[in-house]
Amino acid sequence: MPTILGQNQYGKAENRVVKITRDGDTHHIKDLNVSVALSGDMDDVHYSGSNANVLPTDTTKNTVFAFAKEHGIESAEQFGIHLARHFVSSQEPIHRARIRIEEYAWERIATSEGNSKFIGADEVKHSFARKGQETRVSQITYDGENWEVISGLKDLTVMNSTNSEFWGYVKDKYTTLKEAYDRILATDVSARWRYNWTSDEQRMPNWEKSYEQARKHMLQAFAETYSLSLQQTLYQMGSRIINSRSEIDEIRFSLPNNHHFLVDLEPFGLKNDNEVYFAADRPYGLIEATVLRDGVEPKIPVDMTNL
Ligand SMILES: O=c1[nH]c(=O)c2[nH]c(=O)[nH]c2[nH]1
């Protein structure tokens, strides 16, 4: 049966490019997921395997990262226009470029009051929470006599664009990681905290207020900790909650270390001055721990934060 080629397109999908613009100590984030689809005179590569008209998908990926440096990311639309125009105008066989972009919005984390003087602002200039993703969770158990309430949240994505280091670790013959003195620290917070309220219904905590405050203290600790490891930041987040909320005795975290790798732009004659990152989705470090009020028995199950 004779066959003919129908519609076709190709390119690199889901390039996770993060651009940090450092305006003094105020940082700005653009976080995009960019998918490139090109089409044009591509009959030959399908029929005979000749790659003479094929700009590699790897090159389309590199172009996304290089353009983040060369043109900046003013808006997703403007960035997409630059890219589409580039592919169609620089490659004769390419007649059509479709650039799809998802943009993830971030908002600044508000400072705690004592610290706003120290930082000189009501918002930390390098600490962000990703908008509109998190889910609030709770588990209530009652045996006819006693209550156990465990609350928390998951998928709260946060980032510090500076004030994070990681060095001085064990090195064996398989270690290749370079020590970092100024890295991005990003994670998706999954946390569960346990209330010490068990029976007296007259003295039930104000659940709404408690959630709001616990979340706030946790975020402020994330933003205000100068981090030497995600483990250290985790402990600060937990102890800030325990110390500021008397109704909470225990908190457990599961924190993926969302790695951001600086992209090597040297091959394109560009200097990457801690600006353009590849946001990897896997593998990731996974840091988990419980923080307890001293003298309290741990009761939150180890695997609960993965639910
Ligand atoms: O904060 C970190 N903690 C680690 O245990 C670790 N391990 C690693 O490779 N990078 C990091 N970062």
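Please read all numbers here as calculations on a predicted model, not as lab measurements.

Novice: Can you walk me through the side chain of S112 in this structure?
Specialist: Along the chain, the position of S112 falls in the loop between β4 (106–110) and α4 (113–119). For S112, a relative accessible area of 14% corresponds to the buried category.

Novice: Where do I start with the sheet that holds strand β1 (residues 15–23) in this structure?
Specialist: Either a parallel or an antiparallel arrangement is found when strands of a sheet pair, and the pairing is made through backbone hydrogen bonds. Spatially, β3-β2-β1-β11-β10 is the arrangement adopted by the five strands of the open sheet, whose pairing is antiparallel. With one partner strand each, in any of the chains shown, β3 (94–104) and β10 (260–262) form the two edges of the open sheet. Between one strand axis and the next, the sheet turns by 35° as a mean value, whatever way the strands run. Pairing of β1 with strand β2 (residues 26–40) involves nine bridges; the strand directions are antiparallel. Along β2, the bridge assignment pairs D23 with T26.

Novice: Can you walk me through the pattern of salt bridges in this structure?
Specialist: Within the structure shown, the criterion is met by 15 salt bridges. Salt-bridge contacts for E275 lead to K69; the nearest nitrogen and oxygen are separated by 2.6 Å. Placement of the pair is E275 in the loop between β10 and β11 (276–279) and K69 in helix α2 (residues 57–70), with a sequence separation of 206 residues. By relative accessible area, which is 24% here, K69 ends up partly exposed. A salt bridge links D249 to R293, with the shortest nitrogen-to-oxygen separation between them at 2.8 Å. In this pair, D249 is assigned in strand β9 (residues 248–257) and R293 in the segment after β12 (285–292), connecting sequence segments 44 residues apart. You can call D249 buried: its relative accessible area is 10%. The class of R293 is partly exposed, set by a relative accessible area of 25%.

Novice: I would appreciate a short explanation of a nonpolar patch on the surface in the present structure.
Specialist: There is a patch of nonpolar side chains on the surface, built from W167, Y181, Y226 and L228 and spanning about 430 Å² of accessible area. Within the element layout of this structure, Y226 appears in the loop between α5 (207–224) and α6 (230–244).

Novice: Before we go on, may I ask you to explain the environment of R215 in this structure?
Specialist: Relative to the helices and strands, R215 resides in helix α5. Between the C-alpha atom of R215 and that of L156, which follows or precedes it by 59 residues, the distance is 9.8 Å. When sequence neighbours within four positions are dropped, the list of residues in contact with R215 reads E134, L153 and L156.

Novice: Honestly, the packing of α2 against helix α3 (residues 76–90) in this entry has me stumped. Any pointers?
Specialist: A pair of packed helices is captured by two measures, namely the crossing angle of their axes and the spacing between those axes. Viewed as axis vectors pointing N to C, α2 and α3 meet at an angle of 135°, and their least axial separation amounts to 11 Å. With respect to α3, the element α2 is oriented oblique. Here α2 and α3 pass one another in a crossing that is right-handed. Contacts between α2 and α3 involve T60, T63, V64, F67 and A68 from the former and F79, H82, L83, H86 and F87 from the latter. Residues that form the contact of α2 with α3 fall into these classes: six nonpolar, four polar and no charged.

Novice: Explain the packing of aromatic side chains to me, please; I cannot follow it from the model alone.
Specialist: The geometry of two aromatic rings is summed up by the distance between their centres and the angle between their planes. Applying the stated rule across the entire model yields eight aromatic pairs. When the ring of W167 is compared with that of Y181, the centres are 6.1 Å apart and the planes differ by 20°; the resulting orientation is stacked. Pair noted here: W167 is in the loop between β7 (147–160) and β8 (185–195) and Y181 is in the loop between β7 and β8, with a separation of 14 residues, a long-range link. Between W193 and Y211 the ring centres are 5.8 Å apart and the planes differ by 35°, which places this aromatic pair in the tilted class. Linking W193 in strand β8 with Y211 in helix α5, this pair joins segments that are 18 residues apart in sequence. The same class applies to W193 as to Y211, namely buried.

So, how was this worked out
- Residues numbered from 1 in each chain as written.
- Predicted model: local features only at pLDDT ≥ 70, side-chain atom pairs only at ≥ 80, totals over all residues.
- Heavy atoms only, no water.
- Helix = DSSP H or I, 4+ residues; strand = E, 2+ residues; numbered from the N terminus.
- Buried < 20%, exposed > 50% of the residue type's maximum accessible area, 1.4 Å probe, protein only.
- Pairing = 2+ DSSP bridges.
- Axes fitted to C-alpha atoms, helices over the stretch in contact; angles between N-to-C directions.
- Salt bridge = Lys/Arg side-chain N within 4 Å of Asp/Glu carboxyl O.
- Patch = residues over 30% accessible without salt bridge, like charges linked within 9 Å, V, L, I, M, F, W, Y side chains within 5 Å.
- Areas by Shrake-Rupley, 256 points an atom, 1.4 Å probe, with all protein chains shown as cover.
- Contact = heavy atoms within 4.5 Å.
- Parallel < 35°, antiparallel > 145°, perpendicular 65-115°, else oblique.
- Left-handed = near helix turned anticlockwise from the far one by under 90°.
- Nonpolar A, V, L, I, M, F, W, Y, C, P; charged D, E, K, R; others polar.
- Phe/Tyr/Trp six-rings, centres within 6.5 Å; stacked < 30°, edge-to-face > 60°.

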